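Now for the letters of each chain:
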Amino acid sequence: MPKSKKSLIKDYVEKTPLSRAQWEKGLPFMPGGVIKGAYWNDPYPTYIAKAEGCYIWDLDNNQYVDFGNHHSAMVLGHNDSAVVAAVEREIKRGFGLGGPTELEFEISREIITRFPSIDKVRFCNSGTEA
């Protein structure tokens, strides 16, 4: 039998007291208690504690399938071992170096090779900067 919205919210509130407490902490500092409007849901957002593969866990250790995948940016899931190893390798080389690196060439060449309609690549922080 389908549940009413009221009963679903009641179940959610009972299962997520730590998310509610964290949300209440943020109310004085962020509009709606969250840094980003997309993170809001009724009656309050679910605060994520960790993620692995296609799963996320909230502060209360409830497990969820992550259908959002950070708005489709996590196509390989969370904590993919090959991605983690590559990121760790690059962090050890340094980050925010303030000048060009070999990696920029490698990434640009890969993008152009995979997408024939792209002639050149420019990395920017925003569309305005681009």
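See the structure printed just above.
Residues numbered from 1 in each chain as written. Predicted model: local features only at pLDDT ≥ 70, side-chain atom pairs only at ≥ 80, totals over all residues. Heavy atoms only, no water.

1. Some details on the overall build of the protein
Across its full length, the protein holds five helices and three strands. Relative to a compact globule of 130 residues, whose C-alpha radius of gyration would be 14 Å, the protein shows 20 Å and is clearly more extended. With respect to the principal axes defined by its C-alpha atoms, the protein has extents near 55 × 35 × 35 Å. A fraction of 40% describes how many contacts in the protein between residues 6 or more apart in sequence connect residues 24 or more apart. Total accessible area on the protein stands at roughly 10,400 Å², and carbon and sulfur atoms take up 59% of it. Taking the 16 positively charged and 17 negatively charged side chains of the protein as two groups, their mean positions are separated by 4 Å. (Helix = DSSP H or I, 4+ residues; strand = E, 2+ residues; numbered from the N terminus. Rg over C-alpha atoms; globule rule 2.2 N^0.38 Å. Contact = heavy atoms within 4.5 Å. Areas by Shrake-Rupley, 256 points an atom, 1.4 Å probe, with all protein chains shown as cover. Lys, Arg positive; Asp, Glu negative; His and termini not counted. Charge placed at Lys NZ, Arg CZ, Asp CG, Glu CD.)

2. Some remarks on the pairing of strand β2 (residues 55–58)
With four bridges joining them, strand β1 (residues 48–52) and β2 adopt antiparallel strand pairing. The residue bridging glutamate 52 from the neighbouring strand is tyrosine 55, located in β2. A loop of two residues connects β1 with β2, the two strands running antiparallel in sequence, and glycine 53 in this loop sits at a positive phi of about 60 degrees. Connecting β2 to the antiparallel partner strand β3 (residues 63–65) that follows it, the hairpin turn spans four residues, and asparagine 61 within it adopts a positive phi of roughly 70 degrees. (Pairing = 2+ DSSP bridges.)

3. Section: the side chain of aspartate 66
Looking at the element boundaries, aspartate 66 is found in the loop between β3 and α3 (69–72). Side chain to side chain, aspartate 66 and histidine 78 meet in a polar contact 2.5 Å long. If near-sequence neighbours (up to four positions away) are discounted, aspartate 66 is found in contact with Cys54, Tyr55, Ile56 and His78. (Polar contact = N/O pair within 3.5 Å; in protein donor to acceptor, adjacent residues only side chain to side chain.)

4. What about a nonpolar patch on the surface?
Among the surface-exposed residues, Val75, Leu76, Val83, Val87, Ile91 and Phe95 lie close enough to one another that they form a single nonpolar patch of about 620 Å² accessible area. Exposure remark for isoleucine 91: the relative accessible area of 46% places this residue in the partly exposed category. (Patch = residues over 30% accessible without salt bridge, like charges linked within 9 Å, V, L, I, M, F, W, Y side chains within 5 Å. Salt bridge = Lys/Arg side-chain N within 4 Å of Asp/Glu carboxyl O. Buried < 20%, exposed > 50% of the residue type's maximum accessible area, 1.4 Å probe, protein only.)

5. Quick look at the environment of alanine 38
Take alanine 38: it is sitting in the loop between α2 (17–26) and β1. As a C-alpha pair, alanine 38 and histidine 71 span 33 residues in sequence and 9.5 Å in three-dimensional space.

6. A few points about the pattern of salt bridges
Overall, the coordinates contain seven salt bridges when judged by the stated rule. Two residues, glutamate 14 and lysine 10, come together in a salt bridge whose shortest N-O distance is 2.9 Å. Here the residue glutamate 14 and the residue lysine 10 both occupy positions in helix α1 (residues 5–15), the gap between them amounting to four residues, near one helical turn. Residues arginine 114 and glutamate 110 are paired through a salt bridge, measuring 2.7 Å at the closest nitrogen-oxygen approach. Here glutamate 110 and arginine 114 lie together in helix α5 (residues 102–114), a separation of four residues that amounts to about one turn. By relative accessible area, which is 38% here, glutamate 110 ends up partly exposed. One connected set of salt bridges, linked through shared partners, spans Glu90, Arg93 and Glu102.

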